Amino acid sequence: MSEQKPRHPGLNLDERHGHAHDAAQVEVFGFWVFMMSDAIVFGLLFATYVVMEGALAGGPGPKDLFEIRPVFIETMLLLTSSLTFGMASLAMKHEKGTGRMLIWLGITLLLGLAFLGMELRDFAKMLDKGGSPDRSGFLSAYWSLVPLHGLHVATASLWMVMLIGQMVVHGVDRQVKTGLLRLGVLWHFLDIVWIAIFSIVFLKGLL
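The rules behind these values
Residues numbered from 1 in each chain as written. Predicted model: local features only at pLDDT ≥ 70, side-chain atom pairs only at ≥ 80, totals over all residues. Heavy atoms only, no water. Core = buried A, V, L, I, M, F, W, Y, C linked by side-chain atoms within 4.5 Å. Buried < 20%, exposed > 50% of the residue type's maximum accessible area, 1.4 Å probe, protein only. Helix = DSSP H or I, 4+ residues; strand = E, 2+ residues; numbered from the N terminus. Contact = heavy atoms within 4.5 Å. Patch = residues over 30% accessible without salt bridge, like charges linked within 9 Å, V, L, I, M, F, W, Y side chains within 5 Å. Areas by Shrake-Rupley, 256 points an atom, 1.4 Å probe, with all protein chains shown as cover. Salt bridge = Lys/Arg side-chain N within 4 Å of Asp/Glu carboxyl O. pLDDT = per-residue confidence, 0-100. Expected span 1.5 Å × (residues − 1). Phe/Tyr/Trp six-rings, centres within 6.5 Å; stacked < 30°, edge-to-face > 60°. Axes fitted to C-alpha atoms, helices over the stretch in contact; angles between N-to-C directions. Parallel < 35°, antiparallel > 145°, perpendicular 65-115°, else oblique. Left-handed = near helix turned anticlockwise from the far one by under 90°. Nonpolar A, V, L, I, M, F, W, Y, C, P; charged D, E, K, R; others polar.

Draft legend 1. Structural view of the nonpolar core. Counting residues in each nonpolar core, the largest one holds 53 residues, and the members touching the most others are Phe-66, Tyr-142, Leu-145, Trp-194 and Ile-197. Elements with a contribution of two residues or more to this core: α1 (19-52), α3 (68-93), α4 (98-128), α5 (137-170) and α6 (174-206). Element by element, the count of residues in this core is highest for α6, at 15 residues. Once you skip the residues sitting within four places of it in the chain, Tyr-142 turns out to touch Tyr-49, Phe-66, Phe-123, Met-126, Pro-147, Val-201 and Phe-202.

Draft legend 2. Representation of a nonpolar patch on the surface. Together, Phe-72, Met-76, Leu-79 and Ile-195 line one region of the surface with nonpolar side chains, adding up to about 330 Å² of accessible area. Ranked by the residues each element gives to the nonpolar patch, the list is headed by α3, at three residues. Take Met-76: it is sitting in helix α3. Take Met-76: its relative accessible area is 34%, and that puts it in the partly exposed class.

Draft legend 3. Representation of the confidence of the model for the protein chain in the model. Across the protein chain, pLDDT averages 89, with 87% of residues at or above 70. Per-element mean pLDDT across the protein chain ranges from 84 in α1 up to 97 in α4.

Draft legend 4. View of α5. With 34 residues, α5 extends 49 Å between its outermost C-alpha atoms, agreeing within 8% with the 50 Å of an ideal straight helix rising 1.5 Å per residue. Where α5 ends, the next residue or the one after it, Gly-171, has phi of about 80°, a positive value.

Draft legend 5. Spotlight on the packing of aromatic side chains. Evaluation of the coordinates by the stated rule reveals 13 aromatic pairs. When the centroid spacing of 6.0 Å and the interplanar angle of 45° are considered together, the rings of Trp-194 and Phe-202 count as tilted. The rings of Tyr-49, Phe-66, Phe-115, Phe-123, Phe-138, Tyr-142, Trp-143, Trp-194 and Phe-202 are connected pair by pair, giving a single aromatic cluster.

Draft legend 6. Focus on the packing of α3 against α4. One way to put it is that α3 packs onto α4 with a least axis distance of 8 Å and a crossing angle of 160°. What the angle tells us is that α3 and α4 run roughly antiparallel. The two elements α3 and α4 meet at a crossing, and its hand is left-handed. Taken together, the residues of the contact of α3 with α4 sort by class into 18 nonpolar, four polar and four charged.

Draft legend 7. Summary view of the pattern of salt bridges. Under the counting rule described, the total for this entry stands at two salt bridges. Between Glu-53 and Lys-204 there is a salt bridge, with the nearest N and O atoms lying 2.7 Å from each other. Placement of Glu-53 in the loop between α1 and α2 (62-65) and of Lys-204 in helix α6 is noted, with a sequence separation of 151 residues between them. Taking relative accessible area as the criterion, Glu-53 reaches 14% and is therefore assigned buried. One salt bridge in this structure joins Glu-67 and Lys-129, with 3.5 Å as the shortest N-O distance. Highlighted residues: Glu-67 in the loop between α2 and α3 and Lys-129 in the loop between α4 and α5, separated in sequence by 62 residues.

Right, here's the structure in full:
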C-alpha cells in the first residue's frame with residue numbers, strides 16, 4: 001500500500017477517519033492561514049521589544065526583574081506539554097481509544113495551567129519590584145509581548161477543556177477530530193513563540 005500524500009501541513013489523518021479526514025483538508029489548512037496573522041502580530045511585538053530593550057528611562061531593567069530559574073521551569077512545562085499533546089494526537093490518529101486521549105489531554109492541560117500559574121507569579125513579582133508597563137518603553141514592550149502569549153495559552157487551555165467535555169459527551173466525532181488538529185496547530189505555535197521569548201527576552205536580557 002503506497003503512502004498517502006499529506007493533505008495539509010502537520011499531522012494528517014487517513015481514510016479510516018472518513019469525513020474527518022476530508023474535512024481536515026480545508027479546516028486545518030484554513031487554520032494555518034489564520035495563524036499567520038498571529039505570527040505577524042508576534043513578529044511586530046518582537047521587533048518593538050528589541051528596539052525598546054534599552055529604553056529604561058531610569059527604571060528597572062531585565063537583570064533587576066527577571067529570574068532564570070522559574071522561566072526555565074516554565075519553558076520545560078510548555079515543551080513537555082507539546083510532547084503530551086502530540087501523544088494525544090497520535091492516540092486519536094491510530095484509534096487507541098478515548099480513554100488514552102483523555103489522559104494525554106488532561107496531562108497537557110495540567111502542564112499548561114502550571115505554566116500560567118508560574119507566569120502570573122512572575123508578573124506579580126515584577127510589579128512588586130516597580131516593573132509596571134508605564135515605567136519605561138522597555139517595560140511597555142515587555143508587557144505587550146509576554147502577557148499576550150500567556151493570554152493565548154489561557155485561550156488554548158479553555159479550548160482544550162471544551163474539547164475534553166465534547167469528547168466525554170459525544171465521543172471522538174468529526175468535530176472533535178478536526179478541533180484537536182486545529183488546536184494542535186495553535187499549541188505547537190505557542191511553543192515556538194515561547195522559545196523565541198525565552199531566547200530574546202530572558203536569556204539575552206540576563207546576559
